[in-house]
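Overview (structure and organization)
Listed below, chain by chain, are the residues.
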Amino acid sequence: MVLEGSSEALCPPPSLELRPSCNKSQPSPPLGSSSQPHDGVFPEDKEPVKYGELIVLGHNGSLANGDKGRRRSRLALYKRPKANGVKPDVIHNVSTPLVSKALSNKSQHSISYTLSRSHSVIVEYTHDTNTDMFQIGRSTESMIDFVVTDTAGCSSGQGGGSAGEGGGGGQSAQSTISRYACRIMCERSAPYTARIYAAGFDSSKNIFLGERAAKWRTSDGLMDGLTTNGVLVMHPAGEFVSEPAPGVWREISVCGNVFALRETRSAQQRGKLVENESNTLQDGSLIDLCGATLLWRTLAGLRHTPTLKQLESLRQELNAARPQCPVGFNTLAFPSLAQREIVDKKQPWVYVNCGHVHGYHNWGYRKEKGPAGPGGTAPANTGDRECPMCRRVGPYVPLWLGCEGGLYLDAGPPTHAFCPCGHVCSEKTVVGWSQIPLPHGTHAFHAACPFCGTWLTGEHGHIKLIFQGPVD
């Protein structure tokens, strides 16, 4: 390791031919998926090769204001008509004031590491005909393939649509997502391995790691570094669809090496190198960009998930069973998948502490839970109600079907709901996601509903739904 400002760091050779890659390469299973294409990412072939699919957590099927172009809740990566991947080629040691002149070649990709006010290292990248590169970030510039904005998670609440103040059209002024957050390199030949790297190239095809960024010289004489807020990745401990279990959150470097987490998200001291893990994405890998978390699904993994057509069939099957409110005896019905956030009068509601499903009613508040409402009525500022079936007290929320099939772990019947938001999906899906700690803030982790981002509550974070069938 070479410390910034040391004599060894300041007096390296003027240039050095790099090795083929600055990270370990390991084989992985085939990757691929399907989604709506957008310009510049997908070829016009009838059956293009699909590398994989990225799904932003906290959006139940689409952004709040709809998916538009490169700004969407879900994106598939397809094999490009022409390879656009890059690989490290030559390293130069230059005076920091001359960096801008050295980077004047707009056709040359490069990464600049500022070690001090007087010394920088520039790593030139050359075209790689064997890989495709896809860039992800907050910037709307053309070099970004997937525009991602902050997802507003919450600690409690209701709602069935998509959550996220940045999910629709506007970007948050306080966004913690980098404009050029990360890049994914996919091999163009089978098994189409996909690897993730921190930071993306800007409009000048450069990546700049300033003097304050965490950076270092590696044992083999190369350079590496971390972005300000970091790119965190968690690979599942087992098969995501068969034995879902969370792995360990790690940080990915600019060169794709894997490190233990820093003490805080933006600390300058890097974590310990994890040599037996790689940056190769697998089905169920989670990518956190400090403001939004993405799920990577492979073609093999998506075969186990329900399509939109299958979700609609499950909804119709639920409604065909004619579930009834056990008190009002009125028939309940899940609204169409296209209906978001607006509660239908026939929509089922649930007491999340017991699972009993009812129709909506405006009674059952526990007066000791809050102050009286207007006109001396029952408390209006609490969601806690007493279930008329079992007398358990807790939140009372409308039920919403999970519309994003890529977040499901199987195509099982929608028998369970997340607590306290009320998103309904299969038992395997709620059990799997309730075990996964998702990053929050600079160093906190909490399980959350993948459909809306609401923090999970209760003993398990989910509940089995208890429907009453028709009395006739």
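Report follows, based on the coordinates.

Side note on the overall build of the chain
Across its full length, the chain holds five helices and 28 strands. The buried share among the 472 residues of the chain stands at 54%. Once local pairs closer than 6 in sequence are excluded, the contacts in the chain between residues at least 24 apart make up 67%. Put simply, the chain shows about 20,800 Å² of open surface, and 50% of that area lies on carbon and sulfur atoms.

Focus: a nonpolar patch on the surface
Nonpolar side chains collect at one region of the surface, where Val327, Trp363 and Met389 lie side by side and expose about 270 Å² of accessible area between them. Mapped onto the elements of the fold, valine 327 is located in the loop between helix 4 (308-320) and strand 19 (349-351). For valine 327, a relative accessible area of 35% corresponds to the partly exposed category.

As for helix 4
Here helix 4 spans 18 Å end to end across 13 residues, near enough to the 18 Å set by a 1.5 Å rise per residue. Those residues of helix 4 that fall on the buried side of the exposure criterion are Leu311, Leu314, Arg315, Leu318 and Asn319. Relative to the axis of helix 4, the buried residues are bounded by an arc of 135° and lie together on one face. In this structure, helix 4 carries Lys309, Glu317 and Ala320 as exposed residues pointing more than 90 degrees from its buried face. Arginine 322 sits one or two residues past helix 4 and shows a positive phi near 55°.

What to know about the nonpolar core
Membership of the largest hydrophobic core comes to 43 residues, with the highest contact counts inside it found for Leu286, Leu295, Leu399, Phe418, Trp433 and Leu465. Among the elements of the structure, strand 14 (231-234), helix 4, strand 24 (416-418), strand 25 (423-425) and helix 5 (427-433) are those that each provide at least two residues to this core. It is helix 4 that contributes the most residues to this core, three residues altogether. Phe146, Val148, Ile252 and Trp296 belong to the second largest nonpolar core, which has 28 residues in total.

Topic: the sheet that holds strand 20 (residues 357-358)
As summarised here, the arrangement of the four strands in space is 20-19-22-21, forming an open sheet in which the pairing is antiparallel. Single-partner strands in this sheet number two, and they are strand 20 and strand 21 (384-386). Pairing between strand 19 and strand 20: two bridges, direction antiparallel. By the bridge assignment, tryptophan 349 is partnered in strand 20 with histidine 358.

Reading the values: the criteria
Residues numbered from 1 in each chain as written. Predicted model: local features only at pLDDT ≥ 70, side-chain atom pairs only at ≥ 80, totals over all residues. Heavy atoms only, no water. Helix = DSSP H or I, 4+ residues; strand = E, 2+ residues; numbered from the N terminus. Buried < 20%, exposed > 50% of the residue type's maximum accessible area, 1.4 Å probe, protein only. Contact = heavy atoms within 4.5 Å. Areas by Shrake-Rupley, 256 points an atom, 1.4 Å probe, with all protein chains shown as cover. Patch = residues over 30% accessible without salt bridge, like charges linked within 9 Å, V, L, I, M, F, W, Y side chains within 5 Å. Salt bridge = Lys/Arg side-chain N within 4 Å of Asp/Glu carboxyl O. Expected span 1.5 Å × (residues − 1). Arc of directions from axis to C-beta. Core = buried A, V, L, I, M, F, W, Y, C linked by side-chain atoms within 4.5 Å. Pairing = 2+ DSSP bridges.

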